[in-house]
Amino acid sequence: MKPLLQVAGLSVDYLAGNGTVVPALRDLNLEINAGETVGILGESGSGKSSLALALLRLLPANTRNISGEAIFESRNLLKLQSAELRKLRGAEISLVFQEPALALNPVLPVGVQIRDVLKAHGTFSKADTVEKTHSMLRQVGFDEPEKIAQAYPSQISGGQRQRVAIAQALVCRPKLLIADEPLSSLDTVTQAEVLALLQRLKSELNLSILFITHNAGVLASFADRIAVMQRGQIAASGRFDELQQTSDSYVQQLISPARIVPLALTNPGAVETPKPLLEIQHVSKHYRRKRFFSQKATVNALQDVDLALYEQSIIALVGRSGSGKSTLARCIAGFESPDSGEILLDSMPIHTLTKRSRQQIQLLFQDATTALNPRFTAEQAIAEPLKINHWGTASETRERVLNAMKETGLDPDSSGRPVTQFSGGQRQRLAIARALVLQPRLLILDEALSGLDIPLQAQIVRMLLELQTRHRLTYLYISHDLNFVSLFAHKIMVMQQGRIVESSTPLLLQQSAEPETRALLEASRRLHVSGIEVAR
């Protein structure tokens, strides 16, 4: 039996900003059979997304070469005319992107966007398109599809948006679904729910799936075969258990990163001082927000939160999306004011501190790309907070900037490069360097590493632990990855609906009877990466 998709000798080159040609894919070979799930695993920059875009001829404008073959049911996708491609996209091969908030049109109800796909690939009456849309929304797990169809993307949660994107991709019953990092922006519980949904839909619709991810744990129980990508090529392929036995160090750091980077061994431990560095006392925060299907409602983002951070400690804050983690981070950093309660730094309320004193707290965001000015060079981006505060001479500023680059593993010779020319991991290092130049005592990392592959996360966390020892830093690490934070956090706090419902060490958390903690642990086990175990 012929494969549903057979890729042979696929190569893609991009033209970089400095005029050099950068190979994205090199002589890549891949097969997908009918009804099969093939996982694509690789670090950031290995060519995973370029493969997905090349198959549907959606490559960016700076593409300078595409060669090879991609045979889908006897048709070479790389040679099809534009009209033929338009008929095929969405009808026979569909693509689900990483971030549905960007893939969905913000000014159209989601039902209209699904119906538009049907109209593009068939002649249906309005009643038929509405019925098929509601049926597909029900199939992806919505109990009230008629109401969801009327909603705008901004009125539904991240997990609901991903379900809508899946419904839009599958409404025409394609034979092949390409899912490009569809879970990475979701919390662990929602990830497990979406993965279970895809498994069910694969069976019900007889789908073939090309599932792209940097999380090997997702593929362990989901993929029939896994192809590991490195520098635009397939470095290894096989079943998950077969890949576990390979001696290749690159494959091992993706499959079992804790074997390569044993983070817990480098954790220096908290310094227990008589008074905490930061105290949060009975903090509450409420919003008045108009919700879909209802009148204005009060959202209890934070409810009577108590927390203490000691010098050189690492506190991990975990919870589902909407549990209040980011609101708490913004209140500590001063971007939001709590409605009640106190936040104290060295026993002083933060709202009474001078601007210079408040700089002791720095917040790192999830997406460094949007946090850095794309028109700045690396040096300008790192120096920006120093210039805003009128600190030092030009030579003193430059010296501090270059030292920060060295400390965060960046080459000072690249200080003149635009931030857009750095990789995702390098941009996150730039963001860390920018925070360090102000010499803070507390760093809040709000999902700051969640978009990076696990080996890269491990490298940056090891760097953060070294910086902690050198500068006596304290970290509040916000994440949805319970397995990963268990490797280096001294204490883990679990949040639910604006409250801290559990506070425990990583080891004791495993014996928790708290329902929300149990739900997070169960979801983590379903997405478990072999080799990442709870620290002992």
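Thresholds, definitions, all that
- Residues numbered from 1 in each chain as written.
- Predicted model: local features only at pLDDT ≥ 70, side-chain atom pairs only at ≥ 80, totals over all residues.
- Heavy atoms only, no water.
- Helix = DSSP H or I, 4+ residues; strand = E, 2+ residues; numbered from the N terminus.
- Rg over C-alpha atoms; globule rule 2.2 N^0.38 Å.
- Buried < 20%, exposed > 50% of the residue type's maximum accessible area, 1.4 Å probe, protein only.
- Contact = heavy atoms within 4.5 Å.
- Areas by Shrake-Rupley, 256 points an atom, 1.4 Å probe, with all protein chains shown as cover.
- Pairing = 2+ DSSP bridges.
- Salt bridge = Lys/Arg side-chain N within 4 Å of Asp/Glu carboxyl O.
- Axes fitted to C-alpha atoms, helices over the stretch in contact; angles between N-to-C directions.
- Left-handed = near helix turned anticlockwise from the far one by under 90°.
- Core = buried A, V, L, I, M, F, W, Y, C linked by side-chain atoms within 4.5 Å.
- Domains from an automatic or database assignment.
- Buried area = accessible area lost by both parts, 1.4 Å probe.
- Polar contact = N/O pair within 3.5 Å; in protein donor to acceptor, adjacent residues only side chain to side chain.
- Phe/Tyr/Trp six-rings, centres within 6.5 Å; stacked < 30°, edge-to-face > 60°.
- Lys NZ or Arg CZ within 6 Å of the ring centre and 35° of its normal.
- pLDDT = per-residue confidence, 0-100.

1. Considering the overall build of the protein
Okay, step 1: Helix and strand content of the protein: 22 helices and 20 strands.
Okay, step 2: Radius of gyration (C-alpha) of the protein: 24 Å, near the 24 Å computed for a compact globule of 536 residues.
Okay, step 3: Going through the 536 residues of the protein one by one, you find that 53% of them count as buried.
Okay, step 4: Put simply, 70% of the contacts in the protein that link residues at least 6 apart link residues at least 24 apart.
Okay, step 5: As displayed, the protein has an accessible area near 23,700 Å², and 48% of this comes from carbon and sulfur atoms.

2. Digging into the pairing of strand S19 (residues 491–496)
Okay, step 1: As paired strands, strand S13 (residues 314–319) and S19 are joined by five bridges and run parallel to one another. Counterpart to Leu317 in the pairing with S19 is Met493.
Okay, step 2: Direction of pairing for S19 relative to strand S20 (residues 499–504): antiparallel, over a ladder of five bridges. Each residue of the ladder has a partner; that of Ile492, found in S20, is Ser504.
Okay, step 3: Here S19 folds back onto S20, and the loop between the two strands holds two residues, one of which, Gln497, carries a positive phi near 50°.

3. Quick notes on the pattern of salt bridges
Okay, step 1: A complete count under the given rule lists 19 salt bridges for this structure.
Okay, step 2: A salt bridge links Arg225 to Glu36; the nearest nitrogen and oxygen atoms lie 2.8 Å apart. With Arg225 in strand S9 (residues 225–230) and Glu36 in the loop between strand S2 (21–32) and strand S3 (37–42), this pair connects stretches of sequence that are 189 residues apart.
Okay, step 3: Judged by its relative accessible area of 9%, Glu36 falls in the buried class.
Okay, step 4: Linked by salt bridges that have partners in common, Glu73, Arg75, Glu92 and Lys175 make up one network.

4. Side note on the packing of helix H16 (residues 378–388) against helix H18 (residues 424–436)
Okay, step 1: Close contact between H16 and H18 brings their axes to 7 Å; oriented N to C, the two are set at 35°. In terms of crossing hand, the pair formed by H16 and H18 is right-handed. The residues of H18 that touch H16, namely those facing Ala378, Ala381, Ile382, Glu384 and Pro385, are Leu430, Ala433 and Arg434.

5. Quick word on the sheet that holds strand S7 (residues 176–180)
Okay, step 1: If you walk across this open sheet you meet the six strands as S6-S7-S8-S3-S9-S10, and the pairing is mixed. The open sheet has two edge strands, strand S6 (93–96) and strand S10 (233–238), and neither has a second partner. Sheet twist, expressed as the mean angle between neighbouring strand axes with direction ignored, is 20°.
Okay, step 2: In this structure, S9 lies alongside S10, joined through five bridges in antiparallel fashion. Opposite Ile226, over in S10, you have Gly238 as the bridge partner.
Okay, step 3: Each of S3, S7 and strand S8 (208–213) touches helix H8 (residues 188–205); the most contacted strand, S8, lies at about 160° to it.

6. Let's talk about the nonpolar core
Okay, step 1: If you look at the biggest cluster of nonpolar residues, it comprises 51 residues, and the most contacted ones within it are Val164, Ile166, Phe211 and Val228.
Okay, step 2: Dropping the residues within four chain positions of it, Val164 is found in contact with Leu104, Val110, Ile114, Leu137, Phe142, Ile148 and Ile156.

7. Some words on the domain arrangement of the protein
Okay, step 1: Per the domain assignment, the segments of the protein are domain 1 (5–255) and domain 2 (276–359 + 479–535).
Okay, step 2: Carbon and sulfur atoms supply 61% of the area buried between domain 1 and domain 2, which totals about 1,500 Å² over both sides.
Okay, step 3: Looking at the side of domain 1 facing domain 2, the largest losses of area belong to Asp187, Thr188 and Val189, adding up to 35% of the total buried there.
Okay, step 4: Between domain 1 and domain 2 we count zero salt bridges in total.
Okay, step 5: At the boundary of domain 1 with domain 2, the tally comes to four residue pairs in polar contact (both at pLDDT 80 or more).

8. A few points about the packing of aromatic side chains
Okay, step 1: A full pass over the atoms with the stated rule returns four aromatic pairs.
Okay, step 2: Residues Tyr477 and Phe488 carry aromatic rings whose centres are separated by 5.1 Å and whose planes lie at 80° to one another, so their mutual orientation is edge-to-face. Of this pair, Tyr477 sits in strand S18 (residues 474–479) while Phe488 sits in the loop between helix H20 (482–485) and S19, and the two are eleven residues apart along the sequence.
Okay, step 3: Overall, Tyr477 belongs to the buried group, its relative accessible area being 5%.
Okay, step 4: Their ring planes at 75° and their centres at 5.6 Å tell us that Phe484 and Phe488 sit as a pair that is edge-to-face. Each member of the pair Phe484 and Phe488 is classed as buried.
Okay, step 5: Against the face of Phe422 rests Arg417, its NZ or CZ located 4.2 Å from the ring centre.

9. Re the sheet that holds S19
Okay, step 1: Strand order in the open sheet formed by six strands is S16-S17-S18-S13-S19-S20, with mixed pairing between adjacent strands. Both edges of this open sheet fall to strand S16 (361–364) and S20, since each of them pairs with a single strand only. Pairs of neighbouring strands in the sheet enclose a mean axial angle of 20°, with direction left out of account.
Okay, step 2: Along the sheet, helix H19 (residues 454–471) contacts S13, strand S17 (442–446) and S18; its crossing angle with S18, the most-contacted strand, is approximately 160°.
Okay, step 3: Here helix H22 (residues 515–526) sits on the sheet in contact with S13, S19 and S20, set at roughly 105° to S19.

10. Here's the deal with unusual backbone geometry
Okay, step 1: Its identity as a non-glycine residue notwithstanding, Arg173 has a phi of 55°, on the positive side.
Okay, step 2: Relative to the assigned elements, Arg173 resides in the loop between helix H7 (158–170) and S7.
Okay, step 3: Looking at Arg173, the relative accessible area reads 42%, which means it is partly exposed.
Okay, step 4: Here Glu181, not a glycine, exhibits a phi torsion of approximately 50°, which is positive.
Okay, step 5: Position of Glu181 among the secondary structure elements: in the loop between S7 and H8.
Okay, step 6: On the basis of relative accessibility, which here comes to 9%, the residue Glu181 falls in the buried class.

11. Points about the side chain of Gln428
Okay, step 1: You can see Gln428 is positioned in helix H18.
Okay, step 2: The class of Gln428 is buried, set by a relative accessible area of 3%.
Okay, step 3: Gln428 has contacts with Phe365, Gln366, Ala368, Ala448, Leu449, Leu452 and Ile460, leaving out every residue within four places of it along the chain.

12. Side note on the confidence of the model for the protein
Close inspection of predicted coordinates is inappropriate in any region flagged by low pLDDT.
Okay, step 1: The pLDDT averaged across the protein works out to 88; a share of 93% of its residues lies at or above 70.
Okay, step 2: Mean pLDDT values over the elements of the protein span from 55, in helix H12 (residues 257–260), up to 96, in strand S5 (residues 75–76).
Okay, step 3: Below a pLDDT of 50 lies the segment residues 261–268, which in the model reaches 21 contacts outside its immediate sequence neighbourhood of four places, other chains included.
Okay, step 4: Contacts from residues 529–536, a stretch scored under 50 in pLDDT, to residues over four places away or in other chains number 32 contacts.

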